[in-house]
Amino acid sequence: MGLPSDPYRRRGLSPLRARPRLAPRLNTPLCILSYLAGLGWFLGLASPPFTLRSYMSENAMGSTMVEEQFVFGERALSYAREFAGHKKKVGGIPVAWLEKTMWNLGLEVYKQPFSRTLPFPDETRERYMVKGTNVYGILRAPRAASTESLVLSVPCSMGQHNNQAVGLMLALASYFRGQIYWAKDIIFLVNEHDLIGMEAWLEAYHDVNVTEVLSSGMLGRAGAIQAAVSLELSSDVITSFDVAVEGLNGQLPNLDLVNLFYAFCQKNGLLCTIQGKLQRTDWDTLPAYVHSLQTLLLMVLKQGSGRPQGDHGLFLRYHIEAITVRGINSFRQYKYDMGTVGKTLEGMFRKLNNLLERLHQSYFFYLLPSLARFVSIGVYMPAFGFLILILVLKISPVPQLQGGVGELGAAAGCPCLESRPGLLTLVPPLLICHATGLTLYFLPVLGQHVATQHFPVSESEAVVLTVIAIYVAGLALPHNTHRVLTGCGSERGWMTLKLLSLLYLAMQLGCIALINFSLGFLLAVTMVPVAAIVQPKGPNKLKKYGLPKGPKYLYAVLLVLVTPAVTLLLSIVLYQELIEYPVSALECWQLFLQAVSEGLLDHYLYGSIVFPFIALFVYPCWLLLWNVLFWK
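The chain appears in an unreviewed UniProt entry as GPI-anchor transamidase component GPAA1 from Chelonia mydas. Reading the Subunit (unreviewed entry) entry of the UniProt record for the chain gives the comment "Heteropentamer. Part of the GPI-anchor transamidase complex, consisting of PIGK, PIGT, PIGS, PIGU and GAA1. Interacts with PIGK." The UniProt entry for the chain carries the following text under Subcellular location (unreviewed entry): "Endoplasmic reticulum membrane".

Quick look at the structure:
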């Protein structure tokens, strides 16, 4: 028996010399099986075996045995008409009228002027400087000190949108003022310019400045905010309520708050929807499964965008549980007046008033195929895990293949194949790929004025077109960067670069899935399979070491199809189909340009991480795979 230190004996024990090699032969089937398992697991999330019935975890809100007494429905309509008249008269939010009305209701009234210079003009609203005023009134709790509070907010914008919500809010303030059971302060807030005004108010209330919004100091404060409800109504008659839960960067409120809304809708006989879809009761039928899957996919697409789907989305950053409730007036036969809507909100606030601590017992990570059922993080994460397993399976054969290539080179008398690649060979593609990502992140906004001077475009058009130009130029620039340093070991070079790319991609997707599962899953389901198979057109003798051999143009087409920009375009098409509003190719392109513009604005205005994550991490990683494909 030879000693373990004997090099000849060690060569005999090498796994590369074992025949047949089981792992490389099973690698590709295992990857295909893992991908199908991940997709199958995700598609199964809409079926009853994967879902749980919604239930209330917080004991203080476990029962809806509250007798609502709100009878100010007509008063709410009167306030709404009066507010609409003054709003039309002054051409914006009637600050003076709101202050006077809230003061007459017995509230502590304050106003907060604010302004924000946009990084580039918002083309949809044609504005570069946003100026506005938030008005809010505080109802002090008669039974406790001002240590905790609740918020009822109403966004105010131009036109007739949300006038009824302001009227109902004032009517609720009038009713709440006459009750003696409040143990928390209640803040009634009317914020101008939607999310920008809400961000200005939240930053001033918490005495922080993270988005460079300019506002006056907060003159009046209540206690620490425990929960918030944002109300949107645009009609005197409501046929159903839709609840929005997706917040900034994919954050979600505590599930107990969603269950509370659903419980009071059931109690008062209100139709309630999520993602605009009514839930079905026949869970064991195929149409019901398709309906639940559509609802689940809509939530995944909205959460993956990272955009707040309402004013509530900005509260979640400050660890305040919040939802947005939208009243819808459609052609349904069920009609509800302001009295019924007011009773639902009254019951919710009375239950939130009973909280002894912040909502924490229920889930913060979940998916909702309907309001009656949910999917917890422990159930949906395996779908993502199966996809990441593909990268793990593809990483393990690469070091073995490098050793096999070295042995083949030594046997053929080629020192170039036998030598190990120097680290300097990988430096140029790494640096240039990440430099391209930095350019994609910084240059569009910094160079917008230069672009407008040389091209007949507006600032917003210049920013979006610059993003597209840099993105496309990245396809042509870096794929030959490895040629800056030429030398031996080119086969080992692309293998090492692919190993690094797979590790880099696995780390990125794993990290983002912990924050925003939907974004990580959408990127994984598109990028992972192509990243696993991409390689330059190698010699036939490499085929027996487990890596597939295919034409380079096919890999190039597949890589382009899974680039993040194409994923965004396909997501827009899928979203329009799910909401049953298909669009033409031109309309889809316009929605794509609008999504790029809004993604940049969300980052600079509210701190969304989706654009920098794509530009600084995902896109450079994709370019590394592009380098692997064109390695010579």
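Next, the rest of the story.
(A) Inspection of the nonpolar core at higher detail. Grouped together as the largest cluster of nonpolar side chains are 188 residues, with contacts concentrated most on Leu 168, Trp 201 and Phe 261. Tallying contributions element by element places helix 22 (residues 610-629) first for this core, with 15 residues. For this core, the domains that each give at least three residues are domain 1 (59-364) and domain 2 (429-630).

(B) Molecular detail of the sheet that holds strand 11 (residues 366-367). Here we have 3 strands laid out as an open sheet, ordered 1-12-11, and antiparallel in their pairing. Looking at which strands have only one partner, the edges of the open sheet turn out to be strand 1 (52-53) and strand 11. Sheet topology places strand 1 next to strand 12 (residues 373-376); 2 bridges connect them, and they run antiparallel. Across the sheet, Arg 53 pairs through a bridge with Arg 373, a residue of strand 12.

(C) Region of the structure containing the environment of Leu 368. Mapped onto the fold, Leu 368 is located in the loop between strand 11 and strand 12. Spatially, the C-alpha atom of Leu 368 lies 8.4 Å from that of Ile 274, the residues being 94 residues apart in sequence. In this structure, Leu 368 is in contact with Leu 255, Val 258, Ile 274, Thr 295, Leu 296, Met 299, Arg 373 and Phe 374, ignoring residues within four places of it in sequence.

(D) The UniProt feature "transmembrane region" (unreviewed entry) in the chain, seen in detail. In the numbering used here, UniProt assigns the feature "transmembrane region" (unreviewed entry) to residues 26-46, 363-393, 429-450, 499-532, 553-575 and 609-631. Annotated as 95% helix and 0% strand, the span residues 429-450 places its first and last C-alpha atoms 29 Å apart. Structurally, residues 499-532 is divided into 97% helix and 0% strand, and its ends, taken at the C-alpha atoms, are 10 Å apart.

The rules behind these values
Along each chain, residue indices are assigned from 1 in the same order as the chain's sequence is written. Since the coordinates come from a predicted model, pLDDT governs what is reported: local features require at least 70, and pairs of side-chain atoms require 80 or more to be given and counted, while whole-chain, interface and lining totals use all residues. Only hydrogens and water are set aside; all other atoms, that is, all heavy atoms of the structure, feed into the side-chain values. UniProt positions are given in the numbering used here, feature names are shortened, and annotations may be inferred rather than shown by experiment. Take the buried residues of types Ala, Val, Leu, Ile, Met, Phe, Trp, Tyr and Cys, join any two whose side-chain atoms come within 4.5 Å, and each joined set is a nonpolar core. To sort residues, take the accessible area from a 1.4 Å probe on protein chains only and compare it with the maximum for the residue type: under 20% means buried, over 50% means exposed, and anything in between is partly exposed. Under the DSSP-based scheme used, a helix requires at least four consecutive residues in state H or I and a strand at least two consecutive residues in state E, with every element numbered from the N terminus. The domain boundaries here were taken from an automatic or database domain assignment. Note on pairing: two strands pair once DSSP finds at least 2 bridges between them. For this analysis, residues touch if any pair of their heavy atoms sits within 4.5 Å.

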